[in-house]
Amino acid sequence: MKTYTLKEIEQHKSTDQEVWLVVDQKVYDVTPFLENHPGGKKVLLNAAGTDASEKFWQFHNQKILDTVASKFLIGTVGEAPQAAAQDGSGEVNGQEEETEEEEEEDDTYFGDLVPFGDPSWYQDWSSPYYKPSHYKVRRAIRKFTDTYLIPNAYEWDQAKEIPPEEYKRIADFGILCAIAAGGTGWPDEEYSKGIPVPGGIPSEEWDAFHNLILLDELSRCASGGIMYGLLGGFGISIGPILAFGSSELKSRLVGPLLRGEIRSCLAITEAEGGSDVANLTREAKKTPDGQYYVVNGAAKWITNGVYSEIFVTAVRTGGKGMGGISLVVVERKFGGVKTRKMECMGVLASGTSYVEFDEVKVPVGNLLGKENKGFALIMHNFSGERAGIAIQANRFARILLEESIKYACKRKTFGKPMIEHPVIRAKMANMAQRIESTHAWLENVVYQTQQYDADTLTIRGGGTMALLKAQASDTFEYCAKEAAQIFGGLAYTKGGQAEKVERLYREVLAYSIPGGSTEIMKDISIRQATKVAQIMGAKL
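This write-up is about the structure you can find in this document. Every chain begins its residue count from 1, and numbering advances along the sequence as written. Local features in a predicted model are, by the rule used here, given only for residues with pLDDT of at least 70; side-chain atom pairs are given and counted only at 80 or more, and totals for whole chains, interfaces and linings are based on all residues. Note that the side-chain values use all heavy atoms of the structure and ignore hydrogens as well as water.

The next thing to look at is the environment of Asp455. Tracing the chain through its elements places Asp455 in helix α15 (residues 454-487). Linking Asp455 and His380, residues 75 residues apart in sequence, is a C-alpha distance of 8.5 Å. Labels follow the DSSP assignment, with helices taken as runs of H or I lasting at least four residues and strands as runs of E lasting at least two, numbered in each case from the N terminus.

Written as structure tokens, this is what we have:
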């Protein structure tokens, strides 16, 4: 890349001489961008021929430099380099040329060190929960997210899709298999053979805290569309297949799902029922020969539905109420399955869909668990779904705080940086207070999942998980509002410096409603806690 002196750059400050400017020691010829600059060409002309770094960072973020500005990069600032030796000695002017060697990362301080921008153990706070394998997974997922998810979040949101080749890339890195592992253990080699474990750790070491780190780090993409595309579709549908599917069903479907060759979704919600799962009306009647269920009905707000080949579907096979519900795996290839994408406020890349089942013949071997016993499976699955929602929501809240702090440190109002205004610091303190307390609760609950069996957790932990989900989504909502106020008009504009804030603000409802609305979660938490307390002998 060519090197220019500051005197040379100063000569290019009008349209007659081309318009050059400098940002962070790099030279940009912005002449072709004059008529397209959102703020008008005068902004560029006023900065022409100068080092515009301070002005640039006041209004833009790194993504603008990497995407928009990179098209106009022509060189760097500095003196012209002296000729290198031609004798192949690897020396320049008698000096040995330096070579960069990749140093092993020091895990003592991890990330950008923005206050409260990461969990406290990232910044040398002691924790009883984490060991070297957790550090390795953290590093691997952060690098993947920074490289492939964050740079594409805006484009995938606009396109309303995670491109198939990118979904496959995610699978090939081992992320889908890790999501399927959850906190219960890596899938059997029969299904996961050849799929790497993120961070290169032994698969048998995978535990609930690896899962927490996985979801937390992926959520740094600041896109509910990406996270729902991975968790709200695949993540909440693969679990019931692995836990309750027949050997034949698992051997046929699990491998292709883990490798990203086909996609799956969970079809529970109906337009009429919403959170009232026990009274769903979608039905499945057995054929006279007892070999098939014939499924009729519809499902709404089904994440990933439009892209899916596999639908883990709740149906009514018996009488009224929770005792007549079963869970079956409907495959698109059976025929009679129609999907159409729904236009929603947020999580745009996730493919939220309306699904119709019209006389779909499903082999009885596709039943999960036992007939008319599906409600318990759904409730068991809800705990994991709510945990995932809580992890995502709290990391999104962190992102909103992190973006607010970084912006407030460089944005000046009334003659001084915003961070120096007490009212702004108060907003940040209230955000941090909620985020840190929610994360501490998350870690405590994750720890309990390692101490008790699934049935005990469903009984004793169901109410707690419901309340934690409500707490995390409330925290997300609060931080979205406060961050938007800090960014002002920028947060009302798609793309640009407040891209993450604008997108996440639109996605708040996708975390406070799905998986059980906040009001219902709070009610369930107290009802279930009271019942458990009575069983344990509480004097109420």
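By nonpolar core we mean a set of buried residues, namely Ala, Val, Leu, Ile, Met, Phe, Trp, Tyr and Cys, connected to one another through side-chain atoms within 4.5 Å. Under the scheme applied here, a residue whose accessible area is under 20% of the maximum for its type counts as buried, over 50% as exposed, and between as partly exposed, the area being computed with a 1.4 Å probe on protein chains only. Ranked by internal contacts, the top residues of the largest apolar core, which has 109 residues, are Trp206, Phe234, Leu400 and Tyr511. At 17 residues, the largest contribution of residues to this core is made by helix α13 (residues 374-410). What Tyr511 contacts, discounting residues up to four positions off in sequence, is Gly224, Met227, Tyr228, Ile389, Gln392, Ala393, Phe396, Lys469, Ser473 and Phe476. In this structure, Tyr293, Val295, Phe357 and Val362 belong to the second largest nonpolar core, which totals 17 residues. In what follows, residue pairs with any heavy atoms lying within 4.5 Å of each other are defined as contacts.

Detection works on a 1 Å grid of protein atoms alone, calling trapped sets that fit a 1.4 Å probe cavities and calling open sets with protein on both sides within 12 Å along at least five of seven lines pockets, with lining residues defined by an atom within 4 Å of a point. Grid points are joined across faces, edges and corners, and a volume is the space filled by probe spheres set on the points. Reported here for the second largest pocket is a volume of approximately 880 Å³. Considering the residues around the second largest pocket, the lining is formed by 35 residues, among which His37, Pro38, Phe56, His60 and Ile64 are closest to the centre. Of all the elements in the fold, those that place two or more residues in the lining of the second largest pocket are β3 (18-23), α2 (41-47), α3 (53-59), α4 (62-66) and α6 (153-159). Top contributing element to the lining of the second largest pocket by residue count: α2, with 4 residues.

On to the side chain of Arg263. Structurally, Arg263 can be placed in the loop between α12 (247-258) and β8 (264-267). Asp and Glu are treated as the negative residues and Lys and Arg as the positive ones, with His and the ends of the chain left uncounted. Here, a salt bridge means any side-chain nitrogen of Lys or Arg that lies within 4 Å of a carboxyl oxygen of Asp or Glu. Buried charge without a partner: Arg263 forms no salt bridge, and the closest opposite charge is Glu161, 5.0 Å away. Side-chain polar atoms of Arg263 contact the backbone oxygen of Ile162, separated by 3.1 Å. Leaving out residues up to four positions away in the same chain, Arg263 has contacts with Ile162, Pro163, Pro164, Tyr167, Leu257, Asn304, Tyr307, Ser308, Glu309 and Ile310. For the purposes of these results, a polar contact is taken to be a pair of N or O atoms within 3.5 Å, where, inside protein, one atom must be able to donate a hydrogen and its partner to accept one; residues adjacent in sequence count only when each atom of the pair is a side-chain atom.

Next up on the list: the packing of helix α10 (residues 208-218) against α13. Angular values range over 0 to 180 degrees, each being the angle between N-to-C directions of two axes fitted as lines to C-alpha atoms, with helices fitted over their stretch in contact. Contact geometry of α10 with α13 gives a least axis separation of 8 Å together with a crossing angle of 45°. Of the possible angle classes, the one that applies to α10 and α13 is oblique. For the pair α10 and α13, the crossing hand works out as right-handed. Each of Leu212, Leu215, Asp216 and Glu217 in α10 lies in contact with α13, whose residues at this interface are Gly388, Ile391 and Arg395. Under the grouping applied here, Gly and all other residues not named as nonpolar or charged are polar, the nonpolar ones being Ala, Val, Leu, Ile, Met, Phe, Trp, Tyr, Cys and Pro and the charged ones Asp, Glu, Lys and Arg. Considering only residue class, the contact of α10 with α13 consists of 3 nonpolar, 1 polar and 3 charged. Put simply, angles under 35 degrees are roughly parallel, angles over 145 are roughly antiparallel, angles from 65 to 115 are roughly perpendicular, and the rest are oblique. Helix crossings fall into two classes, left-handed where the near helix is turned counterclockwise from the far one by less than a right angle and right-handed where it is turned clockwise.

A helix is expected to span 1.5 Å for every residue after the first. For α12, spanning 12 residues, the distance from its first C-alpha to its last is 16 Å, which sits close to the expected 16 Å at 1.5 Å a residue. When we look at burial in α12, the residues that qualify are Leu249, Lys250, Leu253, Val254, Gly255, Pro256, Leu257 and Leu258. Downstream of α12 by a residue or two, Gly260 has a phi angle that is positive, lying close to 75°.

With that settled, consider helix α18 (residues 518-535). Taking 1.5 Å of rise per residue, the 18 residues of α18 would be expected to cover 26 Å, and the 26 Å separating its terminal C-alpha atoms lies within 8% of that figure. Along its buried surface, α18 packs onto α13, α15 and α17 (509-512).

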